[in-house]
Amino acid sequence: MKLGHGGQKYISSVLGCHFQTIMAEINEITNGIKTPDDKIRKPDGGKKKIIDTVENIDEVFFEILKDHTAGSPRDEEIKWTKLSLKGISNAFKSREMNISPYVVKQLLNKHGFVKRKMNKAVTMKDCKDRNKQFERIHELKEEYSKSENPIISIDVKKEFIGNFYRDGKFYYTETVKVYDHDFSTFSDGVVIPHGTYDVKRNEGYITLGTSKDTSEFCCDCIKYWLENYGKVNYPNAYSILAFADGGGSNSSRHYIFKEDLQKLVNQIGIEIRMAHYPPYTSKYNPIEHRLFCRVTAACKGAVFSSLDVVKSLIDKTSTSTGLKVFSTIKDKVYATARKVSENFKENMKIVFDDYLGKWDYREISEVKT
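First, a word on what this report is: a plain description of the structure on this page. Here the structure is a predicted model, which is why all the values come from computation and not from measurement.

1. Observations concerning the pattern of salt bridges
Phase 1: Taken as a whole, this structure holds 14 salt bridges when the rule is applied.
Phase 2: A salt bridge links Arg95 to Glu63, with the nearest nitrogen and oxygen atoms 3.9 Å apart. In this pair, Arg95 sits in the loop between α5 (85-94) and α6 (101-110) while Glu63 sits in helix α4 (residues 57-65), placing the two residues 32 residues apart along the sequence.
Phase 3: Here Arg95 falls in the partly exposed class, since its relative accessible area comes to 36%.
Phase 4: Look at Glu63 and you get partly exposed, because its relative accessible area is 43%.
Phase 5: In the salt-bridge network here, residues are joined through shared partners; they are Arg136, Glu139, Arg273 and Asp353.

2. A short note on the packing of helix α8 (residues 215-233) against helix α9 (residues 255-268)
Each pair of packed helices can be described by the angle between their axes along with the distance between the axes.
Phase 1: Two elements in contact, α8 and α9, have axes whose closest approach is 9 Å; the angle formed by their N-to-C orientations is 25 degrees. Classified by the interaxial angle, the pair formed by α8 and α9 is roughly parallel. The two elements α8 and α9 meet at a crossing, and its hand is right-handed. Only Ile256, Phe257, Asp260, Leu261, Leu264, Gln267 and Ile268 of α9 make contact with α8, whose side of the interface consists of Ser215, Glu216, Cys218, Cys219, Ile222, Lys223 and Leu226.
Phase 2: Of the residues that constitute the contact of α8 with α9, the class distribution is nine nonpolar, two polar and three charged.

3. Examining the packing of helix α1 (residues 7-15) against helix α2 (residues 19-30)
Phase 1: Closest axis-to-axis distance for the α1/α2 pair is 8 Å, and the angle between their directions is 115 degrees. At the point where α1 passes α2, the crossing takes the right-handed sense. Residue-level contacts link Gln8, Ile11, Ser12 and Leu15 of α1 to Phe19, Ile22, Met23 and Ile26 of α2.
Phase 2: Taken together, the residues of the contact of α1 with α2 break down into six nonpolar, two polar and no charged.

4. Re the side chain of Thr214
Phase 1: Here Thr214 shows up in the loop between β6 (203-209) and α8.
Phase 2: Assessed through its relative accessible area of 9%, Thr214 is described here as buried.
Phase 3: Here Thr214 is in contact with Ser249, Tyr334, Ala335 and Thr336, once residues within four sequence places are set aside.

5. What about the environment of Asn250?
Phase 1: With respect to the helices and strands, the residue Asn250 is situated in the loop between β7 (239-244) and α9.
Phase 2: A C-alpha to C-alpha distance of 43 Å links Asn250 and Thr81, two positions 169 residues apart in sequence.
Phase 3: Ignoring any residue separated from it by four or fewer positions in sequence, one finds Asn250 in contact with Ile154, Cys218, Ala244, Asp245, Phe257 and His276.
Phase 4: Within the structure, Asn250 has its side chain in polar contact with the side chain of Asp245 (distance 2.8 Å).

6. Here we look at the state of the cysteines
Phase 1: Within this structure, the stated rule accounts for zero disulfides.
Phase 2: There is no disulfide at Cys221, and the cysteine sulfur nearest it, in Cys218, is 6.7 Å away.
Phase 3: Given the relative accessible area of 2%, Cys221 is considered buried.

7. A few points about α2
Phase 1: Helix length check: α2, at 12 residues, gives a terminal C-alpha distance of 16 Å against a target of 16 Å (1.5 Å per residue), a fit within 8%.
Phase 2: Residue Gly32 follows α2 closely and has a positive phi angle near 75 degrees.

8. Remarks on the side chain of Asp353
Phase 1: In this structure, Asp353 sits in the loop between β10 (350-352) and β11 (360-363).
Phase 2: Side-chain polar atoms of Asp353 contact the side chain of Arg273, separated by 3.3 Å.
Phase 3: In this structure, Asp353 is in contact with Arg136, Arg273, Asp360 and Tyr361, ignoring residues within four places of it in sequence.

9. Here we look at the nonpolar core
Phase 1: Of all hydrophobic cores here, the largest spans 26 residues; its most connected members are Ile206, Leu241, Phe243, Leu291, Val310 and Ile314.
Phase 2: Mapped by element, the contributors of at least two residues to this core are α7 (130-145), β5 (190-198), β6, β7, α10 (286-298) and α11 (307-315).
Phase 3: Tallying contributions element by element places α10 first for this core, with four residues.
Phase 4: What Ile206 contacts, discounting residues up to four positions off in sequence, is Pro193, His194, Gly195, Leu291, Phe292, Val295, Ile314, Val325, Phe326, Ser327 and Thr328.
Phase 5: In this structure, Ile152, Ala242, Leu261 and Val265 belong to the second largest nonpolar core, which totals 24 residues.

10. Examining the environment of Val114
Phase 1: In this fold, Val114 is placed in the loop between α6 and α7.
Phase 2: Look at Val114 and you get partly exposed, because its relative accessible area is 49%.

11. Regarding the pairing of β5
Phase 1: Most of β5 is tucked away: nine of the nine residues are buried.
Phase 2: Side-chain alternation along β5 places Val190, Ile192, His194, Thr196 and Asp198 on one buried face and Val191, Pro193, Gly195 and Tyr197 on a second face that is also buried.
Phase 3: Across five bridges, strand β3 (residues 151-156) lies against β5 in antiparallel orientation. Pairing of Ser153 across the sheet is with Tyr197, part of β5.
Phase 4: Here two bridges tie strand β4 (residues 159-160) to β5, and the two strands are oriented antiparallel to one another. Looking across to β5, one finds that Glu159 is bridged to Val191.
Phase 5: Of the pairings in the sheet, the one linking β5 to β6 comprises seven bridges and is antiparallel in character. In the strand pairing of β6, Pro193 is matched with Leu208.
Phase 6: Connecting β5 to the next strand, β6, in antiparallel fashion are four residues, including Asn202 with a positive phi near 55 degrees.

Rules and cut-offs
Residues numbered from 1 in each chain as written. Predicted model: local features only at pLDDT ≥ 70, side-chain atom pairs only at ≥ 80, totals over all residues. Heavy atoms only, no water. Salt bridge = Lys/Arg side-chain N within 4 Å of Asp/Glu carboxyl O. Helix = DSSP H or I, 4+ residues; strand = E, 2+ residues; numbered from the N terminus. Buried < 20%, exposed > 50% of the residue type's maximum accessible area, 1.4 Å probe, protein only. Axes fitted to C-alpha atoms, helices over the stretch in contact; angles between N-to-C directions. Parallel < 35°, antiparallel > 145°, perpendicular 65-115°, else oblique. Left-handed = near helix turned anticlockwise from the far one by under 90°. Contact = heavy atoms within 4.5 Å. Nonpolar A, V, L, I, M, F, W, Y, C, P; charged D, E, K, R; others polar. Polar contact = N/O pair within 3.5 Å; in protein donor to acceptor, adjacent residues only side chain to side chain. Disulfide = S-S within 2.5 Å. Expected span 1.5 Å × (residues − 1). Core = buried A, V, L, I, M, F, W, Y, C linked by side-chain atoms within 4.5 Å. Pairing = 2+ DSSP bridges.

Printed below as a string of structure tokens:
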């Protein structure tokens, strides 16, 4: 008060409080308002919340939700409502209570209603030996983590090239208009990103195919990773542990994948140990939640107008935890509906595990290195 003009701003900067707090204290001193010795502010200071002052607001709130609330038949504490904040606010107004959506949100939080989104965590179907296979995968991962051998996780996706909608927001100077349907007949081609994720090094290697997702394409992607990155990073490797789901081009049930994998092993001279995830559990594959989700985030809101655009978006993928992503384009045409050789099953060098061999097996090279 003695400093005069600029004094409030100066004291505010010294004490680190808002200038309005200084003005309030000046008002108290000027008007002779005294505060108790054991308190800084006067009793009952501050504005009360509406949810604490309006009479019967909780009773009216539950009455509004009564016919619009669902609950779990197993737990009475789990409930949800289909009404929006504005819908509940309008219901209050129809009862001559002017309650805003902001106050409605406070009421929902007070009574345990929290805005949530659905979580894809419920397995559609259980299968025999599911937990046993997860335990076996954990054992293999521990074993290979202590060795000089790499651990990779493989999977593949499919996207259309063209003016199609992709979820997510992006900074534009004007609205981008895209097709209202994603029919393949309107596309300019297809891109098949095959991912090879290095679990130890936290690195992703994506091969962008332009033909079909076949077992031969899958094996070519693994070969490209090994020749360009794997041999450099793991010079003393004699075995590769590969995690994969149970379907698609790397199906655990199809012998065409095993035959192509045998050809690959013979070419590289290194054993490949496969560990497939049980049916309906592919989301547990490390590549899904460590690589592909990051690539999706990097591509959000972008239009895949060309193959080069897709590659540039994937190349910029990174995380604060050190994820690095490398990509390449492979325009080889792959044949579909291929059959297994007649004598493959009799001459194959595959060693199936004694237990859960349908998911766990080793492809041994016929060429000694």
